[in-house]
Amino acid sequence: MVIACWSVKGGSGTSVVAASLALIIAERSQPPGALLVDLAGDSAAVLGLAEPVTGVREWLAAGDSAPADSLARLEVDAAPNLRLLPAGHLAPPTTAARGEVLAALLGDDPRPVVIDAGVLSGEVALTVAASATVSLLVVRPCYLALRRAVSAPLRPSGVVLVAEAGRALGRADVEAVLGVPVRAEVMVDPAVARAVDAGVLASRLPKPLARALRHAA
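In this report, the structure presented in the accompanying data block is examined. All figures in this text were calculated on a predicted structure; none of them were measured in a lab.

Looking only at helices and strands, the chain features 9 helices and 8 strands. At 16 Å, the chain has a C-alpha radius of gyration in line with the 17 Å of a compact globule built from 217 residues. Here the C-alpha coordinates of the chain stretch approximately 50 × 35 × 30 Å along the principal axes. Residues counted as buried form 52% of the 217 residues belonging to the chain. In the chain, the share of contacts with a sequence separation of at least 24, taken over all contacts with a separation of at least 6, comes to 72%. Accessible surface for the chain amounts to roughly 9,800 Å². Of this, 55% is attributable to carbon and sulfur atoms. Here the chain holds 19 positive side-chain charges and 20 negative ones, and the gap between their average locations is 7 Å.

Laid out in structure tokens, this is it:
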């Protein structure tokens, strides 16, 4: 199973949602656990890890000179039963030169895979997200985000709605506009921000967030 989390604008909470989903899946998975793939560049920071020097962007940039089995060597431990394939330090690739190869390798991985595809703007992220078993749009209930989502190059299979009190739009509006179900509704919670800021999300995943995402996982 491959779950891709993506958004249409920054600040949607995609990296926190993807990391949290990966932690939830890892907790209930048998060894060898689960894999979180960072195409956006924030997963290590969200999980409180040092950013590895080399990651998937370097693998993509190497092209055919990087054998397929070298990808696994880039993984690092992120949490019990969870490995992270970090983004690396190069700029995000702009072409899909290796995107299909990456998508095929992740699809063949025996572990559950969660991908943080970030803002869906690059060809690699789009290719990988389009090939996923489940494609989750992470979005806030605002007019600008929904307008961009309607014209996005990929139709999601479900939505993770990052909701806030006092918003004019809600779950029913999002489902009506996008025509896909909201699989999870996550309330903006200061406890989540505190866990990320302190680098302890991997060990202290807030219970309301875990409960909200369990059906999306």
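Backbone-to-backbone hydrogen bonds pair the strands of a sheet. The strands run either parallel or antiparallel. Within the open sheet, the 8 strands sit side by side as β3-β4-β2-β5-β1-β6-β7-β8. Their pairing is mixed. Of all the strands in the sheet, the pair left with one neighbour each is β3 (76-79) and β8 (182-187). Put simply, the sheet's adjacent strands are angled 25 degrees from each other on average, direction ignored. Taken strand by strand, helix α1 (residues 14-27) contacts β1 (2-7), β2 (34-38), β3, β4 (82-85), β5 (113-119), β6 (134-139) and β7 (158-163), and its axis lies near 175 degrees from that of β5.

Below, the discussion takes up the pairing of β7. Across the 6 residues of β7, 6 count as buried, placing the element largely inside the fold. In β7, alternate side chains face the same way, and those of Gly-158, Val-160 and Val-162 on one face and Val-159, Leu-161 and Ala-163 on the other are all buried. Bridge count for β6 against β7 is 4 bridges, and the pairing is parallel. Across the sheet, Val-139 pairs through a bridge with Leu-161, a residue of β7. The parallel pair β6 and β7, bridged by helix α6 (residues 143-150), forms a crossover whose chirality is right-handed. As defined by bridge partners, β7 adjoins β8 across 5 bridges and the pair is classed as parallel. Within β8, the residue paired with Val-160 across the bridge is Ala-184. Tracing the backbone out of β7, into helix α7 (residues 171-178) and back to the parallel element β8 gives a crossover that is right-handed.

Calculation rules
- Residues numbered from 1 in each chain as written.
- Predicted model: local features only at pLDDT ≥ 70, side-chain atom pairs only at ≥ 80, totals over all residues.
- Heavy atoms only, no water.
- Helix = DSSP H or I, 4+ residues; strand = E, 2+ residues; numbered from the N terminus.
- Rg over C-alpha atoms; globule rule 2.2 N^0.38 Å.
- Buried < 20%, exposed > 50% of the residue type's maximum accessible area, 1.4 Å probe, protein only.
- Contact = heavy atoms within 4.5 Å.
- Areas by Shrake-Rupley, 256 points an atom, 1.4 Å probe, with all protein chains shown as cover.
- Lys, Arg positive; Asp, Glu negative; His and termini not counted.
- Charge placed at Lys NZ, Arg CZ, Asp CG, Glu CD.
- Pairing = 2+ DSSP bridges.
- Axes fitted to C-alpha atoms, helices over the stretch in contact; angles between N-to-C directions.
- Right-handed = clockwise from strand over helix to strand, strands pointing away.

Just distances and angles here, no functional claims.
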